[in-house]
Every structure is written in C-alpha cells, then in structure tokens.
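Residue-level structure breakdown
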Amino acid sequence: MSREHRITCPLCEAMCGLRVTVDDAGRVGRITGDPDDVWSRGYLCPKGTALGHLHEDPDRLRQPMVKGPDGVHRPVSWDQAWAEVERVLRPVLDEDGASAVTVYVGNPVAHNLSLSRYIGAVIGMGQAVGMQTYYSPATVDQWPLNVVGALLFGGMWEAPVPDLDRTDHLVVLGANPAASQGSMLSAPDVLGRLRAIRERGGSVVVVDPRRTRTAEQASEWVPVRPGTDALLLFAVLRTLAEEGLLRDHDHLHGKVSGLAEVLALAEPFTPERVAGPTGVPADRIRRLARDLAAASSPVLYGRIGTCTQEFGTLSTWLIFVLNVALGAVDRVGGSLFPIAGAWSPMFLKPPDQDQPGWRFGRTRSRVRGAPEVLGQYPVTCLPEEIETPGPGRIRALITVAGNPAVSAPAAASMDRALGSLDALIAVDNWLNETTRHAHVVLPGTSPLEHGHADDLYWMYALRSCLKWSDPVFPLQGDRPDEWEILLRLGGALLGTPVPEVDVPAMDEMYVGGLVQSLCATAGTPLTGRDPDAALAALAGTGPERLVDLGIRLGPFGDSLGARPDGLTLARLREHPGGLDLAELQAGRLDEVLSTPSGTIELVHDLLSDDVPRLLARLDRAEPGLVLTSRRHLRSNNSWLHNVPSLMKGADRCTLLLHPRDADAAGLVDGQLARITTTEGEVELPVQVSAEMMPGVVSLPHGWGHDRPGTRMAVAHAHAGVNSNLLNPGDLLDVPSGTLAVNGVPCSVAPA
Ligand SMILES: Nc1nc2c(c(=O)[nH]1)N[C@H]1C(S)=C(S)[C@@H](COP(=O)(O)OP(=O)(O)OC[C@H]3O[C@@H](n4cnc5c(=O)[nH]c(N)nc54)[C@H](O)[C@@H]3O)O[C@H]1N2
Ligand SMILES: Nc1nc2c(c(=O)[nH]1)N[C@H]1C(S)=C(S)[C@@H](COP(=O)(O)OP(=O)(O)OC[C@H]3O[C@@H](n4cnc5c(=O)[nH]c(N)nc54)[C@H](O)[C@@H]3O)O[C@H]1N2
Ligand code: SF4
Ligand SMILES: [Mo]
C-alpha cells in the first residue's frame, strides 16, 4: 500500500504541482507532475523529482549541531542548542547592543512557508532594539528591478511580466529559462511557451553572450558583450525615435511622464557608436528596433544577466522604457501587471516612506560609506563590517537559509569574516561552506515536512491562482518548526534569555502587531478596522494563520468576513489542485501605480545621473576576456549538489570558452585552466564551445564544496570551484549597489 500526496514544489518560481507517493514504511517513491494542478497541469523538471532525496538525504541535519572547542560540529538536544545560542549571543548583546548583530536572509526564505512569513519577525524585532540593517543576496540578484519598480511604478516589488501566451515578438535579455524555469516571471514550462510563440508565427530573440538552450530554441540569438545592454537598448530606443517608429498609445495617454527626457538622454547612443562596445553590428541594432515596431504585440523581458552587471539599473530601466515606448505596458500580449491571488505584507511601503516617492541613501554603511538602497547595502559590505574594529562592528550574525560563503562575490573575505564572528547562528539544513563556521546550526524541516503556499511569486505569475499544500510528513519528536525558531531568536534579540522565550506569546506579539498596524495605517486592506476583531477572525497557528490573512485580504478573499462569499484558507484547502482565479489582464495601471504623480515616471535623478558613467563606457578599451555566470537545470544555486540523482552525467562546473579564445590561450577541451581576476584565481577544466561569444567565458556559481568541516558527501565528491573567489566585492551597478558578476575582466591560461 502506498499513499499519494499532492503538493506544490517549493524549489523555484514555477510552483509546479506534484504527486508524491509514500509507502507504508514512510519512504518516498515516485514523484510526478500533477496533471490536475490548475496552475502547472502536469509540468515538472528534474529538481522536482528530487524532493524525496532531499528529505531522505543522510547528511540533512535532523538535530541541532554545536561546534566544539576542537572546531568539530556535534549533534545536541534542542535544549542544549538554545543554551549555546544564549552563551554566544548574549555577551555580544550585553556589550554592544543589537547594532552588533545582523541577519543574512538567503534565497530559500522566499520559497519556504515558515521562513517567508516569519523572517520579518526576527528582522523587525532586531531593528526594534537597534539592529542597523540586514543582508541578503538581493544585491547579487534582482535589486535593480526593485529600484526601477519603486521609481517607475511606485512599488519596489512591482514588475510587469511578459504576456508569453499572447505576444508575437519577445526579446529576452540576460535570462535563460531553459535552466532557471523563469525568474520574476512565474510560469510552468517557459520554454514550451516560447516555442508556442514561434509556432503561432511570432518570433523570439535572445540577447545573451552565450547561445543558451533558450537561445537555441529562439528565432534568433544576438550575442552581446556583457554589461553593455544599456548601450544597446539606448540605441534601439534612439532608432525608434529617429525612424519615426514611436507612436502614441491611447491606453497610456496621460499615464506616462518623462519619455521626451529619456529620448534626449538617448541622443549620443547611435547604433554606429555602440556597435563596437556591444559587439552588435549597427544594422542589426536597427533591425532589432524595426522588428519591435513592426510587431503587433512586442515585449522585452530581462533578468539576472541584465541586473548583475555594471549597468544593471540602466539596463533594467531601459527594458521598461522600451516596453512603455512600444505601448507594450498594460496591453494584452505585452507587459502586464499580474493580480497576486493573495495580499502580502511585502506589498506595503516601508512606514518611513509614507511621503510620496522613494528616497535612497538615507544611511551609509559604516566602513566604505555605501549608500543604503531600499534598506540594504551591497552584500559584500558584510565582511568589512565584521572585520573592521570600532563602534557598530558586526560581531554576531544569524544566517537563515543562506550560503554567503559561496554566493557572495569576494568569497575569500566573506569566508574569513564568517570564521571570525563571536556568534554565528545558522538556521540551515546542512553543514556547508557557510554553516561550517557556525557556533550553532539550527536545522529547519525538510521540504516534505512543512506545508507550502507561495507568497511573493504570485505577483509575477501568468495567471492568478492560489494553492495550499499540507505537509507530507509530520514533524518528529520535539523538533520546533522554522517559524518557532525565528520567533525564539527574535525574542532573544529583544532581551529574553533564549531558553526562556515564550514562543506563543512572541507569535501573538508579531501577528497582533502586524494586524494592529494594518488597521492603524492608511491605504492597507485593513485600514480603520478593529484589530481585535480582525485577529479573532483568523484561523490556524503559525504561518497558516498568516496565509489565511493573506488570502482573506487579497482580491479574491472574504476580507475577514466583510465579503462572505470570498476565499479563506479553509475554503482553499477544499481544492487540492488549487484554484484558478483569473487570467492576466490589461487595464490595471490606475490600480497599480503609486508614484507621486500617478504616472509611470520614466525619469529620475538616480537614473539620469548614471548616464554619464555609461557614456564613459563607450570609450573604454575592451579587456581581452570577461567572465560571466550561468545556471544549470539540475542545480539550485549552491544547495542541490548533495542529491545523487541530480549529479549524474558530465562535470558541470566547467569554464565555457570559445574555440578562438581556447586557441589563443593554448587550451584544449577538458584541460585544466587557471582563471585569474583582480580578486583571485581558481583552476578548473575548460569546455570549449562555440556557444560562447568570443571574448566571453562562463562559470556557474554555487560550487566549491571541498571545504574542510562540511558534511555533504555527494557534493564533496563533485566539489567544483567557487566562482565568487573571482568576482570582486566592489564592482557595482552604482544606483542599486548590485554586484556585477557578469563582465568581470579576467585572463585564462593552462594550469
Ligand atoms: N535550475 C535552476 N533554476 C534556478 C536557479 C538555479 O540555480 N538553478 N536559481 C534561481 C534564482 S535564485 C534566480 S535569481 C533565477 C535566475 O534566472 P535567470 O535570470 O534566467 O538566470 P540564468 O539562467 O543565470 O540566466 C542568465 C543569463 O544571462 C546571461 N548573461 C550574462 N551576462 C549578461 C549580460 O551582460 N547581458 C545579457 N544580455 N546577458 C547576460 C548568461 O549568459 C545567462 O544565460 O533562477 C532561479 N532558478
Ligand atoms: N557569481 C554569482 N553569484 C551569485 C549568483 C550568480 O548568478 N553568479 N546568483 C545570486 C543569486 S540570484 C542568489 S538568489 C544567491 C543565492 O544565495 P544564497 O541564498 O546565499 O545561497 P543558496 O545557495 O541559495 O543557499 C541556500 C541555503 O539554504 C539552505 N536551505 C535550503 N533549504 C532550506 C530550508 O528549507 N530551510 C533552511 N533553514 N535552510 C535551507 C541550504 O542548505 C543553503 O545553505 O546567489 C547569488 N550569487
Ligand atoms: S520547475 Fe522544477 S524546481 Fe521549479 S517548481 Fe517545477 S518541479 Fe520544482
Ligand atoms: Mo536569485
């Protein structure tokens, strides 16, 4: 006998529905795509089938680990773990206060039921007593999109998505959904949808220094030199204007400001002028513009390759400028604002930004003086904040589902700094490159031991859906759930000895506080309501209660009883395949825009002030070779490399380079090469391939699993190298403070 469970895969933004078979002995059997899932209709990728392996992985921590004086981690009871957290954390708090503490919020936080709903508790409680800021890989990721969303649309998480199923001309820049499955764009089977564009007579153009599997499936691949998309996009815009291809779009009439100013800024960037630096011939640039103008529903989409580069903000901005100029924004087949099925606290504007418009650089980092951007500093500020003496030095760090030792540029200094902390508390499921430094590792639950409901990603989804999954396995013994771990750490920051924190009371404080502020603040879904009644209306405990809140305050919800026919978590639970609520719609601009002028504000000082830096780029001598990043379908950043079924096949941690560059360096396929940058050097095998643009090499991130003190046997046997040993910590997209991990000058030679 075996039982079948229906769940949503928590591994990526595609949010696929899966069927998981479990036998009587509690072993996970087959995992298949759920054909009755209203959202994904049976789609899945190889990572989804690996959830059972993740659950059963013998290296996955089931007990807390404490580092002994000999530097070795040993399993302890939860009571012992809490006592050890108190022992290392309390002196820091007593001596230097919460300003000596910070939190690193890792990527899986956004995909995990407990962590996504309760990370705000530990950060909020820390900040209430003086914690200055927190860190995350957002500044090696989508921060330019957050900046552009805040400035153009008024919301830092506001980013319209390409209407893949109705466009007839899609231009993809710096994204490879064949590997990533889509990012800030939630849709199962993105590649299938791109194929469908061509099948219905449309075209797909991929702008990328690498002929990726996405580019192979496209109508055309346009190789571009890394970090030069902004030059290319300005030239496209300028061509549209010059050739009279810009039309008025009725649906945007009166809803856009600043286009004339942007066109003036585009003036110097002629196709002829940018052809050299971008590597895209002038006539090809003109054709890009003409094809966009000729299409009936064109749209551009950019992701990490246009964010994590020297001109990430300008590139991201110009993608939206073009979508506006082409009339694609808020038009069917263009760039649409999804209706998230549930409301999320992430949609709130920070309380100190009540006044219209976003402000940047309100504070500066202590050591290098980096300006704050949307509440964060570049993640590479963290090591110097730990290592530089003086008031405000970071002495204690809580990492939550993050692996900064691998994922942050200038990885050697991050690794060194992590090893020098007075207290490193890691909420994490494995002993890896980061947690090996931890004084205490507090394990979370496996992906099959907790329920699931996505939050943020429905904001970027091609349909409005809602789904809930129950855990496949119950939590064993006295193990706390991850939200309870975070509340206990929050309580400790507030001053209670860790073992004595009253977790249910902290939960009441956190959820009660959230509801109260929603009732007391203007412009929230609870403005003016009675907080006690609102709180009493909610069902469940822990994250379930917050999921109930989100659903009920969302566009389809019952508004806590005010719309009795609306949805609640209890009603959603009656639909194990989820609920399909609405398709992607046009005509949402008035509802979405929250800029001071109420229009899409295309110009801002933060953006135009960066244009001179781009102009200077025109005359810069091109370096011989530059380094870029890539992803693989069977990896997930740094943490799926311990799953045997995902590690089959050829070595994936290789240096891709073009035959011309291999010849020049005297390298042949498979040979060990040394790659050097101003930051460091690593040695790894080369993979010679014409899929690379000449002059550009590509390395995956998330490897380098050979560090002593880790406990991931399979990953260790396929260690690879940490590409972030090569990426400098100060090569930045200036306006957003995002690290450039694409376009880094490098040299390659036989090892
Ligand atoms: N299987 C798998 N899926 C994942 C992840 C994973 O690690 N593995 N990670 C998840 C995460 S955290 C994220 S953020 C998303 C990211 O999702 P995507 O943005 O789709 O990321 P990548 O697959 O890395 O594709 C980035 C592309 O940008 C190209 N590129 C590099 N530099 C430039 C440049 O200067 N200009 C242009 N035009 N292109 C450039 C690269 O060659 C690469 O093909 O994926 C998510 N999904
Ligand atoms: N050179 C280069 N660097 C990059 C990138 C790049 O393209 N190039 N991409 C960047 C991007 S987009 C991202 S998002 C970051 C990722 O940066 P991080 O978030 O720092 O790293 P991950 O590899 O996602 O690490 C996830 C951690 O969470 C743990 N974990 C997994 N599941 C759970 C869980 O359910 N609970 C708990 N408590 N822990 C869990 C894992 O063991 C691992 O330690 O890397 C960035 N770094
Ligand atoms: S694409 Fe793969 S990893 Fe992403 S949600 Fe679907 S099955 Fe999971
Ligand atoms: Mo990411």
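On a predicted model such as this, the values are computed, not experimentally measured, just so you know.

1. A word on the site of ligand 1
- As a matter of local geometry, ligand 1 sits amid 31 residues, with Ser180, Asp208, Asp229, Ser635 and Asn637 nearest to it.
- Here a nitrogen atom of ligand 1 sits 2.7 Å away from a polar atom, N or O, in the side chain of aspartate 229.
- The backbone of isoleucine 304 places a nitrogen or oxygen atom 3.1 Å from an oxygen atom of ligand 1.
- In the complex, 97% of the free accessible area of ligand 1, which totals 920 Å², lies under the protein chains.
- Every element with two or more residues in the shell around ligand 1 is listed here: helix 5 (177-180) and helix 12 (304-307).

2. A short note on the environment of serine 446
- Mapping serine 446 onto the fold places it in the loop between strand 16 (440-442) and strand 17 (463-466).
- Taking C-alpha positions, serine 446 is 9.3 Å from leucine 475, a pair spaced 29 residues apart along the chain.
- Discounting chain neighbours no more than four positions away, the residues touching serine 446 are His55 and Arg60.

3. Things to note about the nonpolar core
- Residues Leu152, Leu170, Phe234, Leu300, Trp317, Tyr460 and Ile600 are the most contacted members of the largest nonpolar core, which totals 98 residues.
- Of the residues that make up this core, three or more belong to each of domain 1 (3-56) and domain 3 (143-341 + 588-613).
- Counting residues in hydrophobic clusters, the runner-up holds 58 residues, among them Val88, Ile123, Met131 and Leu546.

4. Some words on helix 6 (residues 190-199)
- Of all the positions in helix 6, only Val190, Leu191, Gly192, Arg193, Leu194 and Ile197 are classed as buried.
- Looking at the buried positions of helix 6, the neighbouring elements they touch are strand 8 (169-173), helix 5, strand 9 (203-207) and helix 7 (213-216).
- One or two residues past the end of helix 6 sits glycine 201, with phi positive at roughly 95°.

5. Let's talk about the side chain of glutamine 181
- Tracing the backbone through its elements, the reader meets glutamine 181 in the loop between helix 5 and helix 6.
- On the accessibility criterion, glutamine 181 (5% relative accessible area) is buried.
- A polar contact of 2.7 Å, which involves the side chain of glutamine 181, links it to the side chain of tyrosine 43.
- With near-sequence residues (within four places) excluded, glutamine 181 lies in contact with Cys12, Ala14, Tyr43, Cys45, Lys47, Ala187, Val190 and Leu633.

6. A few points about the domain arrangement of the protein
- Taken domain by domain, the protein consists of domain 1 (3-56), domain 2 (60-134 + 379-452 + 468-501), domain 3 (143-341 + 588-613) and domain 4 (624-750).
- In this structure, domain 2 and domain 4 have C-alpha centres spaced 28 Å apart.
- Each partner contributes residues to the interface: domain 2 has 22 residues there, and domain 4 has 23 residues.
- Of all residues in domain 2, the largest losses of buried area upon contact with domain 4 belong to Val406, Trp430 and Arg436, amounting jointly to 29% of the total for that side.
- Remark: the boundary between domain 2 and domain 4 carries 1 salt bridge.

7. With respect to the packing of aromatic side chains
- One pass over the full model with this rule turns up 9 aromatic pairs.
- Taking 5.4 Å as the distance between ring centres and 35° as the angle between the ring planes, the aromatic pair formed by tyrosine 118 and tryptophan 483 counts as tilted. Of this pair, tyrosine 118 sits in helix 3 (residues 113-128) while tryptophan 483 sits in helix 17 (residues 482-494); the two residues are 365 residues apart in sequence, bridging distant segments of the chain.
- Tyrosine 118 gets classed as buried once you look at its relative accessible area, which sits at 0%.
- Assessed through its relative accessible area of 11%, tryptophan 483 is described here as buried.
- For the ring pair phenylalanine 234 and phenylalanine 269, a centre distance of 4.6 Å and an interplane angle of 5° mean the geometry is stacked.

8. As for the side chain of lysine 467
- Relative to the helices and strands, lysine 467 is located in the loop between strand 17 and helix 17.
- At 2.7 Å, the side chain of lysine 467 and the backbone oxygen of methionine 15 are in polar contact.
- A polar atom in the side chain of lysine 467 sits 2.9 Å from the side chain of aspartate 37.
- Not counting the four nearest positions on each side in its chain, lysine 467 is found in contact with Thr8, Met15, Cys16, Gly17, Asp37, Trp39, His452, Ala453, Trp458, Leu572, Gly577 and Gly578.

9. Remarks on the site of ligand 3
- Surrounding ligand 3, one finds Cys9, Leu11, Cys12, Ala14, Met15, Cys16, Leu44, Cys45, Lys47, Gly48 and Gln181.
- Here the shell around ligand 3 is composed, by residue class, of 8 nonpolar, 2 polar and 1 charged.

Criteria and thresholds
- Residues numbered from 1 in each chain as written.
- Chains lettered and ligands numbered in written order.
- Predicted model: local features only at pLDDT ≥ 70, side-chain atom pairs only at ≥ 80, totals over all residues.
- Heavy atoms only, no water.
- Near = heavy atom within 4 Å.
- Polar contact = N/O pair within 3.5 Å; in protein donor to acceptor, adjacent residues only side chain to side chain.
- Areas by Shrake-Rupley, 256 points an atom, 1.4 Å probe, with all protein chains shown as cover.
- Helix = DSSP H or I, 4+ residues; strand = E, 2+ residues; numbered from the N terminus.
- Contact = heavy atoms within 4.5 Å.
- Core = buried A, V, L, I, M, F, W, Y, C linked by side-chain atoms within 4.5 Å.
- Buried < 20%, exposed > 50% of the residue type's maximum accessible area, 1.4 Å probe, protein only.
- Domains from an automatic or database assignment.
- Buried area = accessible area lost by both parts, 1.4 Å probe.
- Salt bridge = Lys/Arg side-chain N within 4 Å of Asp/Glu carboxyl O.
- Phe/Tyr/Trp six-rings, centres within 6.5 Å; stacked < 30°, edge-to-face > 60°.
- Nonpolar A, V, L, I, M, F, W, Y, C, P; charged D, E, K, R; others polar.

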